Amino acid sequence: PYVPPPPPAPPPPPAAPAAAAPAGKGEVVAAPMPGTILDIRCQAGQAVKAGEILFILEAMKMENEICAPRDGTVTAVCVSKASPVETGMTLCTLA
C-alpha cells in the first residue's frame, strides 16, 4: 500500500524583525500591521500620555492612529516618514 511521506518539519520561528534604527530602552511600541508611516507625531525625549497619537500608519488605503499604550517618555523613534513597516516592527520605545 501507498504510504505518504511525512509532513515537512515546521519552519523555525521567525527572528524578531530588525529595527530600522537602534531601539531605546523601555517598552516597545510596535506596528500592529504592515503599512507605510504617513506621519510621526512624537520625538525622542517627548513626554506622552496614554492614548496620545504617536504615528499615523497607512494600511490598505486607511489611516490608522498608533497611540501610546501608557504614559511615559519616548526614548527612541525607530522609523522615518514614508518608511514601510511590517507587523511587529518597532516604531518607538517608551520609558
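Above this text is the structure in question.
Residues numbered from 1 in each chain as written. Predicted model: local features only at pLDDT ≥ 70, side-chain atom pairs only at ≥ 80, totals over all residues. Heavy atoms only, no water.

## Here's the deal with the nonpolar core
What tends to happen in soluble globular proteins is that the nonpolar side chains get buried as a cluster. In this structure, Ile 37, Leu 54, Phe 55, Val 79, Val 85 and Leu 91 are the most contacted members of the largest nonpolar core, which totals 17 residues. Among the elements of the structure, strand S4 (53-59) and strand S8 (90-94) are those that each provide at least two residues to this core. Residues in contact with Val 85, not counting those within four places in the same chain, are Ala 31, Met 33, Pro 34, Gly 35, Ile 37, Leu 57, Val 79 and Leu 91. (Core = buried A, V, L, I, M, F, W, Y, C linked by side-chain atoms within 4.5 Å. Buried < 20%, exposed > 50% of the residue type's maximum accessible area, 1.4 Å probe, protein only. Helix = DSSP H or I, 4+ residues; strand = E, 2+ residues; numbered from the N terminus. Contact = heavy atoms within 4.5 Å.)

## Quick look at the sheet that holds strand S7 (residues 84-85)
Across the sheet, which stays open at both edges, the 4 strands sit in the order S5-S4-S2-S7 with antiparallel pairing between neighbours. Strands at the two margins of the open sheet, each flanked by one partner only, are strand S5 (62-67) and S7. (Pairing = 2+ DSSP bridges.)

## Observations concerning the environment of Pro 69
Its place among the elements puts Pro 69 in the loop between S5 and strand S6 (72-77). Linking Pro 69 and Val 29, residues 40 residues apart in sequence, is a C-alpha distance of 7.7 Å. Among all residues touching Pro 69, those that are not within four sequence positions of it are Glu 27, Val 29, Ala 50 and Leu 94.

## Description of the sheet that holds strand S1 (residues 27-30)
Sheets are built from strands that pair by backbone hydrogen bonding, the pairs being arranged parallel or antiparallel. Across the sheet, 4 strands lie side by side as S1-S8-S6-S3; this open sheet has antiparallel pairing. Strands with a single pairing partner mark the edges of an open sheet, and in this sheet they are S1 and strand S3 (47-48). Pairing geometry for S6 and S8, over 3 bridges, is antiparallel. What sits directly across from Val 74, in S8, is Leu 94.

## A short note on the state of the cysteines
Counted under the stated rule, the structure contains 0 disulfides. Cysteine Cys 42 remains unbridged, with the sulfur of Cys 92 as its closest cysteine sulfur at 4.7 Å. Note on Cys 92: relative accessible area 0%, which makes it buried. (Disulfide = S-S within 2.5 Å.)

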